[in-house]
Amino acid sequence: MDILYIFIIAVIVLFLIIGLIFGVVFASRKRTQHLQEKFGPEYHHALQTSGNKKQAQAELAERQKHVDALNIRPLTVSEREHYQARWMEIQAKFVDQPGQATIEADRLIVEVMELRAYPVSDFEQRAADISVNYPDLVSNYRAAREIAIKNEQKTAYTEELRQAMIYYRALFDDLLKEETVVPERNQK
């Protein structure tokens, strides 16, 4: 009888260990799947940059935590209209001054981000923060930044500048359309 009890206990412990292993593997796969869905192409960028899955996932989770703590604010209707008008001016300037228009588009993106309470002093931090809410646009934002650097060095072609403007426009549109609020009216 003692051997039977030991055997039963051993089988139960073995099943518990197997269940625990499957639970850990399932949780890890679930976390990976969640981060891949949340960050899209940025998940692969983080993986490529960090070199290993665990570090990439930790970085993405840290980005999410950082952005959650920022208290990003939506734009008011009047702010949104103001920035849309400014974008139209910059876009019109592109015909005669593509380099200058690209510089102004980059500055306008930074200005809108700053108004919404994103930290803007460092490009890499801006890109990391954008990746949380705009994961499909961050790779284009990085590409636009590379073109902007070439523009500063006077080595960017007009077609590259046009592409940068398209990238900036997509991010700009999303920064403006998200959670627009109506300003409060004075009540008497």
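Residues numbered from 1 in each chain as written. Predicted model: local features only at pLDDT ≥ 70, side-chain atom pairs only at ≥ 80, totals over all residues. Heavy atoms only, no water.

A. View of the confidence of the model for the protein chain. Looking at the protein chain, the pLDDT average stands at 87 and 94% of residues meet or exceed 70. Scored below 50 in pLDDT, residues 180–188 makes twelve contacts in the model with residues more than four places away or belonging to other chains. (pLDDT = per-residue confidence, 0-100. Contact = heavy atoms within 4.5 Å.)

B. Structural detail: the pattern of salt bridges. Summed over all chains, the structure comprises eleven salt bridges. Between Lys93 and Glu104 there is a salt bridge; the shortest N-O distance is 2.6 Å. Separated by eleven residues along the polypeptide, Lys93 in helix α4 (residues 77–93) and Glu104 in helix α5 (residues 98–115) bring together distant segments of the chain. (Salt bridge = Lys/Arg side-chain N within 4 Å of Asp/Glu carboxyl O. Helix = DSSP H or I, 4+ residues; strand = E, 2+ residues; numbered from the N terminus.)

C. How the structure looks around the packing of aromatic side chains. This structure, assessed with the given rule, holds three aromatic pairs. Seen in terms of ring centroids, Phe123 and Tyr141 are 5.1 Å apart; in terms of plane orientation they differ by 45 degrees. Their pairing is tilted. Taken together, the residues Phe123 in helix α6 (residues 123–133) and Tyr141 in helix α7 (residues 138–152) connect sequence positions 18 residues apart. Grouping residues by exposure puts Phe123 and Tyr141 together as buried. One aromatic cluster is present, built from ring pairs that chain together Phe123, Tyr141 and Tyr168. Above the face of the Phe39 ring, Lys38 is positioned so that its terminal group lies 5.7 Å from the ring centre. (Phe/Tyr/Trp six-rings, centres within 6.5 Å; stacked < 30°, edge-to-face > 60°. Buried < 20%, exposed > 50% of the residue type's maximum accessible area, 1.4 Å probe, protein only. Lys NZ or Arg CZ within 6 Å of the ring centre and 35° of its normal.)

D. Structural view of the environment of Ala92. Mapped onto the fold, Ala92 is located in helix α4. With relative accessibility at 53%, the residue Ala92 sits in the exposed group. For Ala92 and Ala58, which are 34 residues apart along the polypeptide, the C-alpha to C-alpha distance reads 43 Å.

E. A look at the nonpolar core. In terms of nonpolar packing, the biggest core is built from 43 residues, with Ile109, Met113, Tyr141, Tyr168, Leu171, Phe172 and Leu175 touching the most fellow members. Sorting the residues of this core by element identifies α1 (2–39), α2 (41–50), α3 (53–68), α4, α5, α6, α7 and α8 (158–177) as the ones contributing at least two each. Ranked by residues supplied to this core, first place goes to α8 with eight residues. Not counting chain neighbours up to four residues away, the residues in contact with Ile109 comprise Tyr141, Tyr168, Leu171, Phe172 and Leu175. (Core = buried A, V, L, I, M, F, W, Y, C linked by side-chain atoms within 4.5 Å.)

F. Region of interest: the packing of α5 against α8. Two elements in contact, α5 and α8, have axes whose closest approach is 10 Å; the angle formed by their N-to-C orientations is 20 degrees. Our classification of the angle between α5 and α8 gives roughly parallel. Remark: the crossing between α5 and α8 carries left-handed chirality. Only Thr158, Leu161, Ala164, Met165, Tyr168, Leu171, Phe172, Leu175 and Leu176 of α8 make contact with α5, whose side of the interface consists of Pro98, Gly99, Ala101, Thr102, Ala105, Asp106, Leu108, Ile109, Val112 and Met113. (Axes fitted to C-alpha atoms, helices over the stretch in contact; angles between N-to-C directions. Parallel < 35°, antiparallel > 145°, perpendicular 65-115°, else oblique. Left-handed = near helix turned anticlockwise from the far one by under 90°.)

G. Broad picture of α2. Burial in α2 covers these residues: Glu42, Tyr43 and Ala46. Within α2, the buried residues cover an arc of 110 degrees as seen down the axis, which keeps them to one side. In this fold, the buried residues of α2 make contact with α1, α3, α6 and α7. The first or second residue beyond α2 is Gly51, which carries a positive phi of 90 degrees. (Arc of directions from axis to C-beta.)

H. How the structure looks around α5. If you check α5, its first and last C-alpha atoms are 25 Å apart, about what 18 residues at 1.5 Å a residue would give, namely 26 Å. For α5, the set of buried residues is Pro98, Gly99, Ala101, Thr102, Ala105, Asp106, Leu108, Ile109, Val110, Val112 and Met113. The inward-facing, buried residues of α5 contact α4, α6, α7 and α8. Note on α5: the residue one or two positions beyond its end, Ala117, has a positive phi of about 90 degrees. (Expected span 1.5 Å × (residues − 1).)

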